Amino acid sequence: MIAVLLVFFPLIASLLVLLANNAMAKKAALFFSVIELVITGYACYLIRTQPDTAMLRFNTPWIFAMGINFHVVLDGISFVLVLLTNILLPIIVLSSFKREFKNANAFYALVLFMQMALVGVFMAMDGFLFYIFWELALIPIYFICLLWGGEDRARITFKFFIYTLVGSLFMLVGLIFLYQHTGPTHSFDINALYKAGQGLTLKAQTFVFWCMFLAFAIKMPVFPFHTWQPDTYTTAPAQGTMLLSGIMLKMGTYGLIRWLIPMVPLGIAEWGQTAVILSIIGIIYASCIAIVQKDFKRLIAYSSIAHVGLIAAGTFAFNIQGLQGAMVQMFSHGINVVGLFFIVDIISSRMNTREISQLGGIRNVAPQFAVFFLIVLLGSVALPLTNGFIGEFLLLNGLYQYNAWYAAIAGLSVILGAVYMLRGYQNIMLGETNKLTLGFADLDRNEKAVLIPLIILIIGLGVYPKPLLDITQPALEKLINSFQAIVSK
């Protein structure tokens, strides 16, 4: 029943927060998100001690006539993303405590509703249920961006909505196509869809591959399906950007591992290299665009495309190093990017600008902020003993085994990332203060409460990643063995 509780507790919390008054909404949202994190902690204990317990899975008929079940499972793959979601939610809510939102109860209710949908996406083991949660996750972030976003939010949010909706429809077409091939007793169960997909001809698997890949590529996003992302990240309120970049984009990378690759192995063998090339193009393109950005928030948005490109490339290499790297880097990127966007929010709220050229010398007046910023930045550029290093090392190792030249080109992301991030830090933090930055106040207690857990995770996972690797390894090895057995036939 822990599996059901993880999905539905945020939904109940969302309704309670919606009924609360605006003054209490943020505290109530923080309280409920911490409770969800405690439940996740107990689930972690069960996964490590009793991985086969029935408490981590729930399966009951939902629409019996169509073979649709409410089937959710917490295993080594889904747990990493559920843990990421439920660690980041309290931090994101806490990061908003100095903000005043109009209709705050609606804002925080949408945040918790989105948490429910995200956890559902990561735990669903029924294709129809996965699609429902996938679509539900879009609704709250659409309204968060539209109602509390910045300049030109209506046009930008509409573009984001249309992009992701079109991608979702392609996924639905792919799922229905597979469903029609599940035999006389049709079913959306993930194992039935795996079997149906694996039994298709190459031509049919190619069709399913592109239907599903388009949905996931838009969500991540992968080049050339990325054009909605920089504008949306820049315009969304800080907490909306954190939800999008820290958690929601992981829906796409998770979808590759859980749904696409095991489902159409011949399609992957035929088109996986194309996906890797698109991912590597995205890495180089986004890194180069990030270098010339003047707006620091926009710089981080493009850096996110580069990081996700590397995750996608390592995933399509489909070996244990690539997949473990993808899992670790999904977790690490979520931590780092939320930290970076919170730092942008601190700068923007104090200086009323994110223009890098207008800043400088902040280290002289805010030394604690300078140290926290530097640690988050070093995690993002994958310095050894930080969380970013573990994931990127495994991803590049996995990609090298797939193709050494691809690994060499993708490895440029480490150098380019260091260029744009360290140059941004230098221009914002170092040098002499100017009239604008002279009055920059150092971190207050609330801001430290947000950044300290992120710093602990950045260093802790960089020094000792073993628990995360141990949880994911058995499930990933099972996935790879199944894939190789089918391809080698």
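Look up: the structure comes first, before these words.
The rules we used
Residues numbered from 1 in each chain as written. Predicted model: local features only at pLDDT ≥ 70, side-chain atom pairs only at ≥ 80, totals over all residues. Heavy atoms only, no water. Helix = DSSP H or I, 4+ residues; strand = E, 2+ residues; numbered from the N terminus. Buried < 20%, exposed > 50% of the residue type's maximum accessible area, 1.4 Å probe, protein only. Contact = heavy atoms within 4.5 Å. Areas by Shrake-Rupley, 256 points an atom, 1.4 Å probe, with all protein chains shown as cover. Lys, Arg positive; Asp, Glu negative; His and termini not counted. Charge placed at Lys NZ, Arg CZ, Asp CG, Glu CD. Core = buried A, V, L, I, M, F, W, Y, C linked by side-chain atoms within 4.5 Å. Salt bridge = Lys/Arg side-chain N within 4 Å of Asp/Glu carboxyl O. Pairing = 2+ DSSP bridges. Axes fitted to C-alpha atoms, helices over the stretch in contact; angles between N-to-C directions. Parallel < 35°, antiparallel > 145°, perpendicular 65-115°, else oblique. Left-handed = near helix turned anticlockwise from the far one by under 90°. Nonpolar A, V, L, I, M, F, W, Y, C, P; charged D, E, K, R; others polar. Phe/Tyr/Trp six-rings, centres within 6.5 Å; stacked < 30°, edge-to-face > 60°. Polar contact = N/O pair within 3.5 Å; in protein donor to acceptor, adjacent residues only side chain to side chain. Expected span 1.5 Å × (residues − 1).

S.K.: Please set out the overall build of the chain residue by residue, giving values where relevant.
M.R.: Along the backbone of the chain there are 21 helices and two strands. Along the longest, intermediate and shortest principal axes, the C-alpha atoms of the chain span 75 × 55 × 45 Å. The buried share of the chain, reckoned over its 489 residues, is 61%. Once local pairs closer than 6 in sequence are excluded, the contacts in the chain between residues at least 24 apart make up 82%. For the chain, the accessible surface area stands at approximately 18,200 Å², while carbon and sulfur atoms represent 67% of it. Looking at the chain, you have 28 positive and 21 negative side-chain charges, and the mean spots of the two groups are 2 Å apart.

S.K.: Just give me the short version of the nonpolar core, but keep the residues and values in it.
M.R.: Grouped together as the largest cluster of nonpolar side chains are 187 residues, with contacts concentrated most on Ile 141, Phe 216, Leu 260, Phe 316, Phe 369 and Phe 373. In terms of residue count, helix α14 (residues 320–351) provides more of this core than any other element does, 17 residues in total.

S.K.: How would you summarise the pattern of salt bridges if you had to cite specific residues and measurements?
M.R.: Applying the stated criterion across every chain yields a total of ten salt bridges. Residues Arg 99 and Asp 345 are paired through a salt bridge, measuring 2.2 Å at the closest nitrogen-oxygen approach. Of this pair, Arg 99 sits in the loop between α3 (76–95) and α4 (104–123) while Asp 345 sits in helix α14, and the two are 246 residues apart along the sequence. Taking the relative accessible area as the measure of exposure, Arg 99 reaches 29% and is therefore partly exposed. Ionic contacts of the salt-bridge type, sharing partners, join the residues Lys 98, Arg 350, Asp 444 and Glu 447 into one network.

S.K.: I'd love a proper account of the pairing of strand β2 (residues 68–73), names of residues and values included.
M.R.: With five of six residues buried, β2 is to be regarded as a mostly interior element. Bridging between strand β1 (residues 57–63) and β2 involves six bridges; their strand directions are antiparallel. Bridge assignment links Phe 58 to a residue of β2, and that residue is Val 72. Between β1 and β2, which follow one another and run antiparallel, lie four residues, and Gly 67 among them has a positive phi close to 70°.

S.K.: Just give me the short version of the packing of helix α11 (residues 250–263) against α14, but keep the residues and values in it.
M.R.: Contact geometry of α11 with α14 gives a least axis separation of 11 Å together with a crossing angle of 165°. On the basis of their axis angle, the class for α11 and α14 is roughly antiparallel. Considering the relative orientation of α11 and α14, their crossing is left-handed. Residue-level contacts link Lys 250, Thr 253, Tyr 254 and Ile 257 of α11 to Leu 323, Ala 326, Met 327, Met 330, His 333 and Gly 334 of α14. For the contact of α11 with α14, a count of residues per class yields six nonpolar, three polar and one charged.

S.K.: Explain the packing of aromatic side chains residue by residue, including any values.
M.R.: Going through the model one piece at a time under the given rule, you end up with 36 aromatic pairs. Between the aromatic rings of Phe 373 and Tyr 425, the centroid separation amounts to 4.9 Å while the plane-to-plane angle is 70°, which identifies the pairing as edge-to-face. Of this pair, Phe 373 sits in helix α16 (residues 367–380) while Tyr 425 sits in helix α19 (residues 412–429), and the two are 52 residues apart along the sequence. Judged on exposure class, the residue Phe 373 and its partner Tyr 425 are both buried. Taken together through their ring pairs, the aromatic side chains of Phe 209, Trp 210, Phe 213, Trp 271 and Phe 316 make up a single cluster.

S.K.: Could you give me a rundown of the environment of Asn 105, with the residues and numbers involved?
M.R.: With respect to the secondary-structure elements, Asn 105 resides in helix α4. Taking the relative accessible area as the measure of exposure, Asn 105 reaches 17% and is therefore buried. The spacing of Asn 105 and Met 24 is 81 residues in sequence and 8.0 Å in space, taken between C-alpha atoms. When neighbours within four sequence positions are excluded, Asn 105 is seen to be in contact with Val 17, Leu 18, Ala 20, Asn 22 and Ala 25. Only 3.1 Å separates the side chain of Asn 105 from the backbone oxygen of Leu 18, close enough to count as a polar contact.

S.K.: Before we move on, can you summarise helix α6 (residues 153–179) with the specific residues and values?
M.R.: Relative to the 39 Å expected for 27 residues at 1.5 Å per residue, α6 spans 38 Å between its end C-alpha atoms, a close match to the ideal helical length. For α6, the complete set of buried residues consists of Ile 156, Thr 157, Phe 160, Thr 164, Gly 167, Ser 168, Met 171, Gly 174, Leu 175, Leu 178 and Tyr 179. Among the structural elements, α5 (127–148), α7 (190–198), α8 (202–219), α9 (229–235), α10 (238–248) and α11 are those in contact with the buried residues of α6.

S.K.: Which residues make up unusual backbone geometry, and what values go with them?
M.R.: Following Met 220, the chain continues to Pro 221 via a peptide bond in cis, the omega torsion being -5°. Inspection of the secondary structure puts Pro 221 in the loop between α8 and α9. Residues Phe 223 and Pro 224 are joined by a peptide bond in cis, for which omega reads 5°. Mapped onto the elements of the fold, Pro 224 is located in the loop between α8 and α9. At Asp 152, a residue that is not glycine, the phi angle is positive and equals roughly 60°.

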